[in-house]
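What follows is the residue order along each chain.
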Amino acid sequence: MEVLEGEWPGYLVVIGFPDIEKARDWYDSEAYREILPLRTKHITGDVILAEGVAPGYDPADTAARMRRQAG
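Every value quoted in this text rests on a predicted model; they were computed, and no experiment measured them. (Residues numbered from 1 in each chain as written. Predicted model: local features only at pLDDT ≥ 70, side-chain atom pairs only at ≥ 80, totals over all residues. Heavy atoms only, no water.)

*Asks:* Any chance you could explain the packing of aromatic side chains here in plain terms?
*Replies:* The geometry of an aromatic ring pair is captured by the separation of the ring centres together with the interplanar angle, meaning the angle of the planes. Scanning the model with the defined rule gives 4 aromatic pairs in all. Measuring from ring centre to ring centre gives 5.4 Å for Tyr 27 and Tyr 32, while their planes differ by 40 degrees; the resulting arrangement is tilted. Among the residues examined, Tyr 27 registers a relative accessible area of 25% and is labelled partly exposed. In textbook terms, an aromatic cluster arises when at least three aromatic residues are bridged by ring pairs, as seen for Phe 17, Trp 26, Tyr 27 and Tyr 32. (Phe/Tyr/Trp six-rings, centres within 6.5 Å; stacked < 30°, edge-to-face > 60°. Buried < 20%, exposed > 50% of the residue type's maximum accessible area, 1.4 Å probe, protein only.)

This is the structure in structure tokens:
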């Protein structure tokens with residue numbers, strides 16, 4: 001791994017869900033709450049929810065639009 005900016009502790013876990021509501025449901029579930037102390041007692045870290053991109057998303061189109069707007 002090569003860190004180009006900032007500091008990175010080297011750990012990343014990504015879990016995919018069909019949508020943000022399903023992710024919240026999982027996080028708030030009784031089953032996850034039962035095992036949550038296993039993580040919090042042994043691992044220091046942050047938990048975030050991030051919206052994904054829509055099907056058909058093209059990063060090249062987004063980059064081109066950003067270049068046009070900046071120029």
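*Asks:* Help me understand helix α3 (residues 59–70) in this model?
*Replies:* Two residues of an α-helix separated by three or four positions point the same way, owing to the 3.6 residues in each turn. Compared with an ideal rise of 1.5 Å per residue, which puts 12 residues at 16 Å, α3 spans 16 Å between its outermost C-alpha atoms and is within 8% of the ideal. Taking the backbone nitrogen of Ala 60 as reference, a side-chain oxygen 2.9 Å away marks Asp 58 as the first, capping residue of α3. (Helix = DSSP H or I, 4+ residues; strand = E, 2+ residues; numbered from the N terminus. Expected span 1.5 Å × (residues − 1). Polar contact = N/O pair within 3.5 Å; in protein donor to acceptor, adjacent residues only side chain to side chain.)

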